[in-house]
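# Inside the fold
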Amino acid sequence: MIVMPDIYDKIMELARRRGFVWPTSECYGSVAGFIDYGPLGAMMKRKIEDIWRYFYVIQDGYYEIECPTIGEESIYIASGHVKGFADKMIQCPHCGEFHRADHVAEAEGIENAEIISAEELTTALQNIPCPICSETFDGAEVYFFNLMFQTNIGPGSQRMGYLRPETAQGIFTDFNRLLRFYRDKLPFGTVQIGKSYRNEISPRQGMIRLREFTQAEAEIFIHPEHKDHPAFTRYADRKVPLYSISNQENRKDATEMTMADGVSSGTIANEYVAYYIAQTHDFMLTCGISPDKVRFRQHLPDERAHYATDCWDAEIFSERFGWVETVGIADRTDYDLRAHAKQSGEPFTVFLQYEETKRVRETKVVAKMGALGPKYRNRAKAVADALAESSPADNGAEIELDGEKILVPPEFYEVKDVETEINGEYIMPHVIEPSYGIDRIIYAVLEHSFDEEMVEDETRKVLRFPPKVAPVQVAVLPLMARDGLDDIARDIRSKLQDEGILTEYDDSGAIGRRYRRQDEIGTPFAVTVDYDSKEDNTITIRDRDSMKQIRYDIDRLPALISDLIKGRSLFEEYL
RNA sequence: GCACCGAUGGUCUAGUGGUAUGACUUUGGCCUUCCAAGCCAAUAGCCCGGGUUCAAUUCCCGGUCGGUGCACCA
């Protein structure tokens, strides 16, 4: 891996100076793991989120919801975060080193180290030597370090709350409402973009490991037996670099493969997973990620969560951090819904009607409650239930009640031959979950867009953002701030504003300096008003990447700029 | 969380037991007819707390933030 140790510093220096990303609350000394997005960063983030919305909300039709960032304890008991998101830690009383208690125990041959309680682990470790200093852990206690931020809800602090460690749970907990919203049909999807929180032990790496970060997650609920994506043809022929389990095991680099081949060869579990791999690839390139710096790495069987059938991470290559996981795409089966169903007692199932009603003949044992009630009293209901499950003989039905075998005589029940109609079945959907780390994507876009080139012995710093991502879309510059050029420029600016285009007006200093300023913040186009503009009602449009200019009619400018930003036409076509 | 290293205008930096160098940027003015030109001026800084000292940005201790290694990363 070629490491350029200064590229991160260069990017972050620019990002700080020009208002993309700042350390948070600097006047009080900042806090590791938290950042502020400055004016340009916040705008750029919004644009990237909007591109994401284009793919998931507009293209796929999955509506967005917004849930609280604080959730009450039950949610995270169900999701497994209260238990599973905590590590059992122990600190050596002699050298002060922190260890994962279960790892130390396992290495010393203690069985079930991962599942035994903290108390048991404490006892087990008392005479075990610290792997660092070899003194024993005598007197040290195993404690839980949970990566969730904890809080109390209300003044009585009776109700425990947690800051959500992922946005997904809000979608799962709203499942029954969402199901109604989508009129009781599968498949359907719901997305959420928002902040999540993890109390990282050591959040270094700037924007890569944050304690508060933005996720964009989609939860797509599908029939467990129908994992073919209805719009699969959209991406069937798209080639994506796949770093599959076998590539990893055979130490081969990622190989390009179409999604159709990925699914038919069995590399990718199903069309849904493949569709979102391809869609993620599409999204990344749209945001300005370099095509040669993305790959999709399949989770190895031992790192995959036990409930997931297939899981792929989109990884982006960073000069500074190497391959960084930015998106996870998993088939989570019915794990989450099942967990919430168990915790809440709600069904979390979909009733799917059969095309044709099925008729089933069966024999039913129906209790005669009039007779049963007086005899069995408060046990009558239990007896009736047990009878329904029993297979009566001529002399009566033998049932078991509280471990006691009872023979219920025939006069207490009736055996009926009934035909029932079955109109459908309840099924618990499976969930496909693409989960995006927006902040990491923003960093990667900055890194991949950043460029330096020498122009007449000066270093030109440019952010080569796609026009859709650039926080400022057009700079309007009068060549001179006089002779009426400034008036024409202001007029052009307001016409562009009417089109909803974000412009910056700048009349200070030499024109070259102004171009450089815009280059540094990635503004794709600059409109310059010169003396010819007064004569023939034209201006020049300067392209950031090529620094080439064209003359264009002022009246038709807003429409052209709009097309250029949306990617409907390319600057080169007008040269 | 541990160990080591670092922290000087917005940015990059020089330097010091007696309040700080230079460049770039920014702002105003002059000049300027398309890629950081020039001139004049202005704004702006020693990470925070404690200690030693007549005096601390400088030395010491603690903290914060950043970098590196360890640990951690559902």
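Structure first, text after, so check above.
First, a word on what this report is: a plain description of the structure on this page. (Residues numbered from 1 in each chain as written. Chains lettered and ligands numbered in written order. Predicted model: local features only at pLDDT ≥ 70, side-chain atom pairs only at ≥ 80, totals over all residues. Heavy atoms only, no water.)

Counting residues in each nonpolar core, the largest one holds 67 residues, and the members touching the most others are Phe 20, Ile 277 and Phe 283. Considering every element that reaches this core, the biggest residue donor is helix α12 (residues 271-287), with 10 residues. Counting 22 residues, the second largest nonpolar core, distinct from the first, contains Val 474, Leu 485, Ile 492 and Phe 525. (Core = buried A, V, L, I, M, F, W, Y, C linked by side-chain atoms within 4.5 Å. Buried < 20%, exposed > 50% of the residue type's maximum accessible area, 1.4 Å probe, protein only. Helix = DSSP H or I, 4+ residues; strand = E, 2+ residues; numbered from the N terminus.)

Structural remark: α-helix, 3.6 residues per turn; residues separated by three or four positions point the same way. Of all the residues in helix α13 (residues 335-344), the buried ones are Asp 336, Leu 337, Ala 339, His 340 and Ala 341. Along its buried surface, α13 packs onto α3 (73-78), α7 (168-173), α8 (175-181), β11 (212-222) and β21 (430-437). Just downstream of α13 lies Gly 345, where phi reads positive at about 80 degrees. (Contact = heavy atoms within 4.5 Å.)

Okay, helix α20 (residues 557-566) next. Summarising burial for α20: 7 of the 10 residues are buried, a large majority. All of the buried residues along α20 are Leu 557, Pro 558, Leu 560, Ile 561, Ser 562, Leu 564 and Ile 565. The elements touched by buried residues of α20 are β24 (474-478), α17 (485-498), β26 (525-529), β27 (538-543) and β28 (549-553). The positive-phi residue at the C-terminal boundary of α20 is Gly 567, with phi of around 80 degrees.

Time to look at the protein's contact with RNA strand B. Around RNA strand B, a shell composed of 39 residues is seen, among which Phe 85, Arg 100, Arg 198, Arg 204 and Tyr 515 lie nearest. Among atoms of RNA strand B positioned within 4 Å of the protein, sugar and phosphate together represent 50%. In this structure, a phosphate oxygen belonging to RNA strand B sits 3.0 Å away from a main-chain N or O atom of Ala 32. A distance of 3.3 Å separates a sugar or linking oxygen of RNA strand B from a polar side-chain atom of Glu 458. (Near = heavy atom within 4 Å. Polar contact = N/O pair within 3.5 Å; in protein donor to acceptor, adjacent residues only side chain to side chain.)

With that out of the way, let us pick up the packing of aromatic side chains. Scanning the entire structure with this criterion turns up 28 aromatic pairs. Ring geometry for Tyr 56 against Tyr 436: centres 5.7 Å apart, planes inclined by 80 degrees, an arrangement best described as edge-to-face. Placement of Tyr 56 in helix α2 (residues 39-59) and of Tyr 436 in strand β21 is noted, with a sequence separation of 380 residues between them. Given a relative accessible area of 1%, Tyr 436 falls into the buried group. Arranged with centres 5.7 Å apart and planes meeting at 70 degrees, the rings of Phe 321 and Tyr 443 form a pair that is edge-to-face. With Phe 321 in the loop between β15 (310-318) and β16 (322-331) and Tyr 443 in helix α16 (residues 438-449), the pair connects residues that are 122 residues apart, well separated along the chain. Given the relative accessible area of 1%, Tyr 443 is considered buried. Three or more aromatic residues joined by ring pairs form one cluster here, namely Trp 52, Tyr 54, Phe 55, Tyr 56, Tyr 235, Tyr 272, Tyr 275, Tyr 276, Phe 283 and Tyr 436. Positioned above the aromatic ring of Trp 323 is the side chain of Arg 295, whose terminal nitrogen or guanidinium carbon lies 4.0 Å from the ring centre. (Phe/Tyr/Trp six-rings, centres within 6.5 Å; stacked < 30°, edge-to-face > 60°. Lys NZ or Arg CZ within 6 Å of the ring centre and 35° of its normal.)

Of note, Val 472 is situated in the loop between β23 (458-463) and β24. Sequence separation between Val 472 and Gly 38 is 434 residues, and the spatial gap between their C-alpha atoms is 13 Å. Every residue in contact with Val 472, bar those within four places of it in the chain, is listed here: Leu 40, Leu 502, Thr 503, Glu 504, Gln 518, Ile 521, Thr 523 and Pro 524.

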